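So the chains spell out like this:
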Amino acid sequence: MKLENLNKFPDNFLWGASTSAFQVEGAYLEDGKGLSSVDTRKIPEGITDTKVASDHYHRYKEDVALMAELGLKSYRFSISWPRIYPDASGKVNEAGLKFYDDLINELIEYNIEPLITIYHFDVPKALTDEFGGFASRKCIDYYVEYAKTLFKHFGDRVNKWITINEQLMDMFNPDFSGTRGVDGEGSMKLTYQISHHMSLAEKKVMAACHEMLPNAKIGPVNCFQVVYPATSKPEDVVAAFDAEEILSYMLLDVSVKGEYPKYVWNYLEERGIAPEMLEGDEEILKSTKPDFIGLNYYFSLCVEARNSKDKNENLPPFWKYDKFDVVDNKFFRSSEWMIHGTDPVGLRLILRKIYTRYNLPIIITENGYAQSEVLEEGDIVNDDYRINYIREHLKQCKLAISEGVELLGYCPWSFIDILSGRQGFSKRYGLVYVNRDEHDLKDLRRIKKKSFHWYKNVIKTNGKSLYE
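Residues numbered from 1 in each chain as written. Predicted model: local features only at pLDDT ≥ 70, side-chain atom pairs only at ≥ 80, totals over all residues. Heavy atoms only, no water.

As recorded in an unreviewed UniProt entry, the protein goes by Aryl-phospho-beta-D-glucosidase BglC and comes from Clostridium puniceum. Recorded in UniProt for the protein, the comment headed Sequence similarities (unreviewed entry) runs: "Belongs to the glycosyl hydrolase 1 family." (UniProt positions renumbered as here; feature names shortened; annotations may be inferred.)

**Student:** Would you mind going over the overall build of the protein with me for this structure?
**Tutor:** Helices and strands together make up the secondary structure of the protein, namely 15 helices and 13 strands. A compact globule built from 468 residues should have a C-alpha radius of gyration of about 23 Å, and the protein, at 21 Å, falls within 12% of that. Taking the principal axes of the C-alpha coordinates as reference, the protein spans close to 60 × 55 × 50 Å. The burial tally for the protein puts 60% of its 468 residues in the buried class. Total accessible area on the protein stands at roughly 18800 Å², and carbon and sulfur atoms take up 49% of it. Each charge sign in the protein was given a centre, from 59 positive and 71 negative side chains, and these centres are 3 Å apart. (Helix = DSSP H or I, 4+ residues; strand = E, 2+ residues; numbered from the N terminus. Rg over C-alpha atoms; globule rule 2.2 N^0.38 Å. Buried < 20%, exposed > 50% of the residue type's maximum accessible area, 1.4 Å probe, protein only. Areas by Shrake-Rupley, 256 points an atom, 1.4 Å probe, with all protein chains shown as cover. Lys, Arg positive; Asp, Glu negative; His and termini not counted. Charge placed at Lys NZ, Arg CZ, Asp CG, Glu CD.)

**Student:** Would you mind showing me how to read the pattern of salt bridges here?
**Tutor:** Applying the stated criterion across every chain yields a total of 31 salt bridges. Taking the shortest distance from any N to any O, the salt bridge between K160 and E113 comes out at 2.9 Å. A residue pair is termed long-range when its members are at least 10 positions apart, and K160 in strand β4 (residues 160-165) and E113 in strand β3 (residues 113-119) qualify at 47 residues. Among the ionic pairs, D129 bridges to K125, the shortest N-O distance being 2.8 Å. Taken together, the residues span about one helical turn, with D129 and K125 both in helix α5 (residues 125-131) at a distance of 4 residues. In this structure D129 comes out as exposed when scored by relative accessible area, which is 53%. (Salt bridge = Lys/Arg side-chain N within 4 Å of Asp/Glu carboxyl O.)

**Student:** Looking at this model, I keep getting lost on the sheet that holds strand β9 (residues 324-326). Mind explaining?
**Tutor:** Within a beta sheet, neighbouring strands are joined by backbone hydrogen bonds and run either parallel or antiparallel to one another. Pairing is mixed across the open sheet formed by 3 strands, whose spatial order is β6-β8-β9. Looking at which strands have only one partner, the edges of the open sheet turn out to be β6 (227-229) and β9. Looking at each pair of strands side by side, their axes are set apart by 40° on average, direction ignored. Here β6 runs beside strand β8 (residues 301-305); their pairing, made up of 3 bridges, is parallel. (Pairing = 2+ DSSP bridges. Axes fitted to C-alpha atoms, helices over the stretch in contact; angles between N-to-C directions.)

**Student:** Before we go on, may I ask you to explain empty space enclosed by the protein in this structure?
**Tutor:** Empty pockets left among the atoms are what a rolling probe the size of a water molecule brings to light. Evaluated as defined, the whole model comprises 3 cavities of 30 Å³ or more. Considering only enclosed or pocket space, the largest cavity measures out at about 80 Å³ in volume. The wall of the largest cavity is formed by A21, F22, E25, G26, Y28, K33, S36, D39, T50, S80, R83 and D122. Among the residues forming the lining of the largest cavity, the class breakdown is 3 nonpolar, 4 polar and 5 charged. (1 Å grid on protein atoms, 1.4 Å probe; cavity = no way out; pocket = protein on both sides within 12 Å on 5 of 7 lines; lining within 4 Å. Points joined across faces, edges and corners; volume = space filled by probe spheres on them. Nonpolar A, V, L, I, M, F, W, Y, C, P; charged D, E, K, R; others polar.)

**Student:** So what exactly am I meant to see when it comes to the layout of surface pockets here?
**Tutor:** In this structure, the largest pocket occupies an estimated 1200 Å³ of space. The wall of the largest pocket is formed by 39 residues, among which M169, F318, R422, Q423 and K427 lie closest to the centre. Going through the elements one at a time, α1 (21-24), α7 (167-172) and α8 (174-177) are the ones with two or more residues in the lining of the largest pocket. Classifying every residue of the lining of the largest pocket by side-chain character gives 21 nonpolar, 10 polar and 8 charged. Its volume calculated, the second largest pocket comes out at about 350 Å³. Every residue lining the second largest pocket is counted, 18 residues in all, and those nearest its centre are N12, P361, E406, L407 and L408.

**Student:** Is there a simple way to explain the pairing of strand β5 (residues 217-223) in this structure?
**Tutor:** Looking along a regular strand, one sees side chains alternate from face to face of the sheet. When you tally the buried positions in β5, you get 6 out of 7 residues, the bulk of the element. With 3 bridges connecting them, β5 and strand β7 (residues 293-296) associate as parallel partners. When the bridges of β7 are listed, N222 appears paired with L295.

Shown next, in the form of C-alpha cells:
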C-alpha cells in the first residue's frame, strides 16, 4: 500500500446508516402483514409498541430523500418476514413485496445501494403458533423459502444481503426467535439447539444466494465485543479468551468455517447442552461460506475468572457462563444507556482480530450512541456526544484500514430515531429526530440533528473532515 493511502478511506467506501423493519416501519397489520414474534411480546409498562414506530412505511419517500441529502452511499435495512409471509400457508403477500419494491426503487433513484437484512428479530407469529419457530427444524425450510422469494423478486436490483442479525441475541430471546412458550424455554440446551437450526438455515440461504444470484454477496451480522481481562492475572487472561470464544467466535466460526470451535463444543458437551447434530448437518455447515462479515459494535467487555455464583445474576442471559464474570472496566465512563462505557479502540482491535482469523472483507453494520433526547426550541438537537462517539470510532476504522483490514463500509445505528426493543422512544440513536414520544405520536416530523450535518460533511469529504 502506498504511503499516501495509509490513512485514507477507500474511494468506494460505503458510507451508510442502518435501521430494522420492526423498529422503524410501523403499519404492523396493514396491507396484509401478519404479526411477528416482536409484535406480540410483553412490553414493559409505559413503553410503546410496534404499531406505528417511526412510521417509515408511510413516510419512506421523505426518509429516502433525507438519506440522499445526507449523502448516503448505502442503506442497511431489514425486510419484515411476516410482511412477505403473513402466515404458515406459504402464500406470498404481494402487497408486502410491493412496499419493498417501491422502497428499493426509491433508493436506487438516489444512487443509494440497498444492503438488505433478511431476518432481524421478527419471526412470523404463525410459525411460533404452528411449531415453535426456530426451536423446530421445520423453521429452516420456511426461512429458506422466504429468502429465495426475496432473491427472486429483488435480486435484479440488490447485490448485498445479510442472512441473520445478531444470532447470539436471537437464540437467547424467545421474543426474537419465535420460541416463546416452547416447552423447556430458558434451558441452555434448547438455546443452542435454536442456534444450530439458525446456522443450518443460514448456510442453506447462502448456498441459494450463490446459486440464484452469482454476482451478489451475502454474509452474517454478529454483535462482537472485544473482551479484556480485568487484570494481568493469568486466570483472568484465560477467562477473557474463553469469553471471546463463546460469545463471538463460536457463531462466526460456524458461519465462515462451517464448524464449532473445539473449545466451545467441548464446553457444551461437558455440560450436556450441545445441540443435536443430525446426519448431514456437518455437510450443510461446510457447504458454503460468506462473502463478507457484518459487525455490530457498541462497547467492549471486561471479565475476570469466575469466583462467585452471584456476580452474574443480574446480567443478560447471553453473558451468564461459569467460566467468567463480567466486571466494570475502570478505564471507561458509563452514561445513561451506555452502561459499559464506550471504547473506540476496541473496534479497531475487533477489526484486526476478525480479519486475521477469517480473511474476509468486513462492513460495520451497527455502531451508535444512545441517549434520551429532548427537542429544543427552534427544532434543535445538539447531540455532540453522538458526534464524538462516531468520530472516534471512525478514526479507529481508518487506522485499521491502514493496518491492512479490508473494510467495505460503515453504517451507524441508526439513520433515524427508532423503537428500541425494551426502552421505546426514550432511548434514541438516530441522526434524525422523530417528533413523538412513547404514547403521543405528535406530528412524527423528521428533524435533522447536529450529528446529521456533521456526518454529511464526513461523507462529502470521504472522511477527511474527521481531522479538521
